Amino acid sequence: AEASFERDLGLGSLALVERELSFQKRRMQAIDELFRAGAATAAEVGEATAALQRAEQATVERRSAAALQALATTSSAREQRDVVAQLAALQRQRERLTARSPGPGSVLEVYVAPGEYVAAGSRLVAIGNTQLPTVEAYVEPRMMGTVAPGSAATVRFPDGTRVDASVQALPA
């Protein structure tokens, strides 16, 4: 009886998050129409977008939990295959809702808290390359005899800035 109650409670919470998702979709559509008519601000669109994304994430998480519960209680091989396919589709939805770094680097600053929902396009973190840059430079052939790995060098930028450097390698 307790397992049945937990299952029913889970299905009730699934219905609740699905109702919230439906509401947020309608709200987003209405605010978008108001924005196009000049009657809503970009901030209101951003807030509605964030609320919709929260509802989408909650729905995916609740559907995943329900599918895992169904997988644990289903004995039919066909039903298990259907549930596994549903879980795969939910994983694709979860991936769509997950932000990934555009490239390699180190996190220099974090702008949001773990688990916080954000609107699309929001700044999450600052990522930067903390390695020293490598500059490839042209050396006139007549100067090649004066340059060797370890030699001191100066890099001059178009704005006049100068940076001390050293020669790392020469072409073979």
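Here is a short report on the structure shown in this document. (Residues numbered from 1 in each chain as written. Predicted model: local features only at pLDDT ≥ 70, side-chain atom pairs only at ≥ 80, totals over all residues. Heavy atoms only, no water.)

## Considerations on the pattern of salt bridges
Reasoning step 1: Taken as a whole and assessed by the stated rule, the structure comprises four salt bridges.
Reasoning step 2: Across the pair Glu18 and Arg63 runs a salt bridge, and its minimum N-O distance is 3.0 Å. With a gap of 45 residues between them, Glu18 in helix α1 (residues 2–36) and Arg63 in helix α2 (residues 42–73) connect regions that are remote in the sequence.
Reasoning step 3: The exposure class assigned to Arg63 is partly exposed, which follows from its relative accessible area of 26%.
Reasoning step 4: With a shortest N-O distance of 3.1 Å, Arg142 and Glu140 are connected by a salt bridge.
Reasoning step 5: For Glu140, a relative accessible area of 37% gives the class partly exposed. (Salt bridge = Lys/Arg side-chain N within 4 Å of Asp/Glu carboxyl O. Helix = DSSP H or I, 4+ residues; strand = E, 2+ residues; numbered from the N terminus. Buried < 20%, exposed > 50% of the residue type's maximum accessible area, 1.4 Å probe, protein only.)

## Some remarks on the side chain of Thr49
Reasoning step 1: Structurally, Thr49 can be placed in helix α2.
Reasoning step 2: Within the structure, Thr49 has its side chain in polar contact with the backbone oxygen of Val45 (distance 2.8 Å).
Reasoning step 3: Once residues within four sequence positions are removed from consideration, Thr49 is found in contact with Met28 and Ala120. (Polar contact = N/O pair within 3.5 Å; in protein donor to acceptor, adjacent residues only side chain to side chain. Contact = heavy atoms within 4.5 Å.)

## Observations concerning the nonpolar core
Reasoning step 1: Judged by nonpolar contacts, Leu21, Met28, Ile31, Ala40, Val45, Ala48, Leu52 and Ala55 together constitute the single largest core of eight residues.
Reasoning step 2: When residues of this core are traced back to their parent elements, those giving at least two are α1 and α2. (Core = buried A, V, L, I, M, F, W, Y, C linked by side-chain atoms within 4.5 Å.)

## Details of the environment of Val163
Reasoning step 1: Within the secondary structure layout, Val163 lies in strand β4 (residues 162–166).
Reasoning step 2: Judged by relative accessible area, Val163 falls into the partly exposed class, the value being 37%.
Reasoning step 3: In this structure the C-alpha to C-alpha distance between Val163 and Ala153, which are ten residues apart in sequence, comes to 8.6 Å.
Reasoning step 4: If we ignore the near neighbours within four places in the chain, the residues touching Val163 are Ala153, Thr154, Val155 and Phe157.

## A look at the pairing of β4
Reasoning step 1: Alignment of strand β3 (residues 152–156) against β4, held across five bridges, turns out to be antiparallel. Bridging from a neighbouring strand, Thr154 pairs with Asp164 of β4.
Reasoning step 2: Hairpin remark: β3 followed by β4, antiparallel, with five residues in the connecting loop; positive phi at Gly160, about 95°. (Pairing = 2+ DSSP bridges.)

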